[in-house]
Amino acid sequence: MNDQIGPAVEATGLTRVYGHGPTAVTALDGIDLSIPAGQFVVLLGPSGSGKTTMLNLIGGIDHATGGSITVDGVDVGGLDRDGLTAFRRERVSFVFQFFNLIPTLTAVENVELIANLTGADSAASESALKEVGLKAETDRFPSQLSGGQQQRVAVARALAKSTPVLLADEPTGALDRASGDGVLSLLRRACDEHGRTVIVVTHDATIAEVGDRVLHLVDGRIVSDEKNDHPLDPALRSASA
Ligand SMILES: Nc1ncnc2c1ncn2[C@@H]1O[C@H](COP(=O)(O)OP(=O)(O)OP(=O)(O)O)[C@@H](O)[C@H]1O
Ligand SMILES: [Mg+2]
């Protein structure tokens with residue numbers, strides 16, 4: 001996003017505590033983070049470390065209990081209900097572990113449903129499906145697609161929505177290595193060819209090598225923040241595995 005001023009994501013003292021009193025859980029414990037536009041970030045950490053919480057705060061589907069978070073120049077914490085709806089529609093796309101496709105809609109209808117929110121026409125949905133290699137499968141229902149193909153539909157949906165920030169929570173978690181690498185390649189391209197800021201959450205350390213930057217989260221804190229100047233092409237991972 002060349003017209004953008006400042007980073008894609010800026011968090012200061014970002015905190016999320018679930019519950020109250022003695023049973024309260026601190027999922028995020030004062031995160032300071034700046035992600036430049038167009039970076040491919042891998043967010044790594046063990047189960048319960050706060051990865052999904054972090055992604056949900058960036059995506060405006062959960063709220064912080066302390067600190068601040070700015071995404072694509074928008075102070076997410078300062079938005080009211082309508083503002084949040086508009087923010088989620090225009091600024092962020094999600095890819096989930098279990099695809100979240102609507103079973104009664106075909107592949108192209110699943111993409112259109114989301115793409116239309118941002119005013120994209122049907123041609124954008126067709127071309128996104130073509131981009132993920134599913135040109136021949138556009139009229140199939142999710143149940144007629146493999147897991148890897150379903151996740152590629154979910155990625156097509158995120159591509160067609162054409163938002164500056166793309167968030168993926170364990171996008172390869174339900175896939176075998178080759179299918180997972182296919183999905184990572186698509187996300188990598190969204191970054192390299194379309195300039196999207198991509199944040200991928202995973203507990204699979206081997207995925208780290210495809211990112212420009214790797215953040216390690218432990219107990220709601222960033223314990224390491226590493227740059228990777230030579231990210232590996234995901235398509236080459238399977239070949240070398
Ligand atoms: N809605 C909630 N209510 C209470 N506690 C929650 C809630 N959501 C998450 N937590 C707690 O917050 C902490 C961080 O959870 P989070 O889902 O962000 O972890 P994660 O790193 O995504 O884990 P996983 O790899 O298992 O998906 C955990 O201790 C979890 O139990
Ligand atoms: Mg999670």
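Fair warning: this is a prediction, and the values are worked out from it, not measured in the lab.

K.L.:
I'm lost on the overall build of the protein chain in this one. Help?
P.N.:
Secondary structure assignment for the protein chain yields 7 helices and 10 strands. Over its C-alpha atoms the protein chain spans a radius of gyration of 17 Å, differing by no more than 12% from the 18 Å that the globule rule assigns to 241 residues. Along the longest, intermediate and shortest principal axes, the C-alpha atoms of the protein chain span 50 × 45 × 40 Å. Within the protein chain, the proportion of its 241 residues that are buried is 43%. Of all intrachain contacts in the protein chain linking residues separated by at least 6 positions in sequence, the fraction that spans at least 24 positions is 69%.

K.L.:
Hey, could you run me through the sheet that holds strand 1 (residues 9–18) in this one?
P.N.:
Paired through backbone hydrogen bonds, the strands of a sheet run either parallel or antiparallel to each other. Taking strand neighbours across the sheet as the criterion, the 4 strands line up as 2-1-4-5 in an open arrangement whose pairing is antiparallel. Edge strands, defined here as strands with exactly one partner in the open sheet, are strand 2 (25–35) and strand 5 (74–75). In terms of strand pairing, strand 1 meets strand 2 through 8 bridges, oriented antiparallel. Residue Val-9 lies in a different strand from strand 2, and its bridge partner there is Ile-35.

K.L.:
Looking at this structure, how should I read the packing of helix 4 (residues 122–131) against helix 5 (residues 147–161)?
P.N.:
As a packed pair, helix 4 and helix 5 sit with axes 8 Å apart at the nearest point and diverge in direction by 130°. Between helix 4 and helix 5, the crossing angle belongs to the class labelled oblique. Between helix 4 and helix 5 the crossing geometry is right-handed. Judged by residue contacts, Ala-124, Ser-125, Ala-128, Leu-129 and Glu-131 of helix 4 engage Ala-156, Leu-159 and Ala-160 from helix 5.

K.L.:
So what exactly am I meant to see when it comes to the site of ligand 1 here?
P.N.:
Inspection of the region around ligand 1 gives 13 residues, with Tyr-18, Ala-27, Ser-47, Thr-52 and Thr-53 positioned closest. Elements with a contribution of two residues or more to the shell around ligand 1: strand 2 and helix 1 (51–58). Per element, the largest residue contribution to the shell around ligand 1 is 3 residues, and it comes from helix 1. Here the residues of the shell around ligand 1 are counted per class, giving 3 nonpolar, 9 polar and 1 charged.

K.L.:
Sorry if this is basic, but what is going on with the environment of Gly-182 here?
P.N.:
Within the element layout of this structure, Gly-182 appears in helix 6 (residues 177–192). Judged by the 22 C-beta atoms lying within 10 Å of it, Gly-182 is buried. Measuring from C-alpha to C-alpha, the distance between Gly-182 and Arg-237 comes to 9.9 Å, with 55 residues separating the pair along the chain. Leave out the neighbours within four places in its chain, and Gly-182 touches Gly-148 and Arg-152.

So, how was this worked out
Residues numbered from 1 in each chain as written. Chains lettered and ligands numbered in written order. Predicted model: local features only at pLDDT ≥ 70, side-chain atom pairs only at ≥ 80, totals over all residues. Helix = DSSP H or I, 4+ residues; strand = E, 2+ residues; numbered from the N terminus. Rg over C-alpha atoms; globule rule 2.2 N^0.38 Å. Buried ≥ 20, exposed ≤ 12 C-beta atoms within 10 Å, placed from the backbone. Contact = placed C-beta atoms within 7 Å. Pairing = 2+ DSSP bridges. Axes fitted to C-alpha atoms, helices over the stretch in contact; angles between N-to-C directions. Parallel < 35°, antiparallel > 145°, perpendicular 65-115°, else oblique. Left-handed = near helix turned anticlockwise from the far one by under 90°. Near = placed C-beta within 6 Å. Nonpolar A, V, L, I, M, F, W, Y, C, P; charged D, E, K, R; others polar.

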